[in-house]
Amino acid sequence: MWLLAGLLLLSGCSTIYYNTMEKLGFEKRDILVDRVEDARDSQNEARETFRSALARFQSVVETPDTPLNAKYEEVLDAYENSEDAAEDVRERIDKVEDVAGALFAEWKDELDRYESASLRRSSEQKLQETRRHYNQLIDQMHEAESRMDPVLQAFEDQMLFLKHNLNAQAIASLESELVRMQDDVDSLIRDMERSIKESEAFIQRFRNRE
């Protein structure tokens, strides 16, 4: 059954996947919490990858005696690791949005099934409150996500510059870019830490209701 669920997810058929998982005992809210946790972990990993990549860039600039080809390979590896980490963050956020959309749509549709007006109002209030918390979370995730692009572009610029200018003058000229790169990475890390904190608060709210 787990293989079937995995194949359904890979095929992109979200509705069938969620229905199958519910039959296996996993509600959309459980999947949402799991995916928020995955997104949080992915951002944690990306934060450390970007931080490590910056350190490697700095090391390349600050060790002029290192062979130029070795410098380029080090920078290229750091850039590719950062690019992979960023893509993983984006995919995790997409998965959070997918299951959240399905969850909120189902919740809204089921409000019409209430016979009790008071219970319906209570459920609707909980829906609005949960959606508000979720919106804060996903906005913070996207804010952190948006910070990755300028950092990746800065890394790519340096990687390409080294690739096209494998000489000592190219290495020396990179020093002026390190301050800007440091500022970009610091901003990215701060945003990711805020997003991670918001994710943990969202997860805790859900678990407190169980």
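Parameters and conventions
- Residues numbered from 1 in each chain as written.
- Predicted model: local features only at pLDDT ≥ 70, side-chain atom pairs only at ≥ 80, totals over all residues.
- Heavy atoms only, no water.
- Core = buried A, V, L, I, M, F, W, Y, C linked by side-chain atoms within 4.5 Å.
- Buried < 20%, exposed > 50% of the residue type's maximum accessible area, 1.4 Å probe, protein only.
- Helix = DSSP H or I, 4+ residues; strand = E, 2+ residues; numbered from the N terminus.
- Contact = heavy atoms within 4.5 Å.
- pLDDT = per-residue confidence, 0-100.
- Axes fitted to C-alpha atoms, helices over the stretch in contact; angles between N-to-C directions.
- Parallel < 35°, antiparallel > 145°, perpendicular 65-115°, else oblique.
- Left-handed = near helix turned anticlockwise from the far one by under 90°.
- Phe/Tyr/Trp six-rings, centres within 6.5 Å; stacked < 30°, edge-to-face > 60°.
- Lys NZ or Arg CZ within 6 Å of the ring centre and 35° of its normal.

1. Thoughts on the nonpolar core
Next up, step 1: Grouped together as the largest cluster of nonpolar side chains are 51 residues, with contacts concentrated most on L32, V36, F50, Y134 and F155.
Next up, step 2: Listing elements by their share of this core, those giving two or more residues are α2 (14-23), α3 (28-62), α4 (68-110), α5 (117-164) and α7 (175-209).
Next up, step 3: Residue contributions to this core peak at 15 residues, all from α4.
Next up, step 4: Not counting the four nearest positions on each side in its chain, F50 is found in contact with S82, A86, M148, V151, L152, F155, V185 and L188.

2. Concerning the confidence of the model for the protein chain
Next up, step 1: Of the residues in the protein chain, 87% have a pLDDT of 70 or more, and the chain-wide mean is 84.
Next up, step 2: Here residues 1-11 scores under 50 on pLDDT; set against residues more than four positions off or in separate chains, the count is twelve contacts.

3. Overview of the packing of α3 against α5
Next up, step 1: At their nearest, the axes of α3 and α5 sit 12 Å apart, and the two run at 25° to each other. Taken together, the axis directions place α3 and α5 in an arrangement best described as roughly parallel. Two packed elements cross with a definite hand, and for α3 against α5 that hand is left-handed. On α5, the residues touching V36, A39, Q43, F50, A53, L54 and F57 of α3 are L137, M141, A144, M148, V151, L152, F155 and Q158.

4. Observations concerning the packing of aromatic side chains
Next up, step 1: A complete count under the given rule lists five aromatic pairs for this structure.
Next up, step 2: Ring-pair connections join several aromatic residues into one group, and the members of that group are F50, F57 and F155.
Next up, step 3: Taking the ring centre of F104 as reference, the NZ or CZ of R131 above it sits at 4.7 Å.

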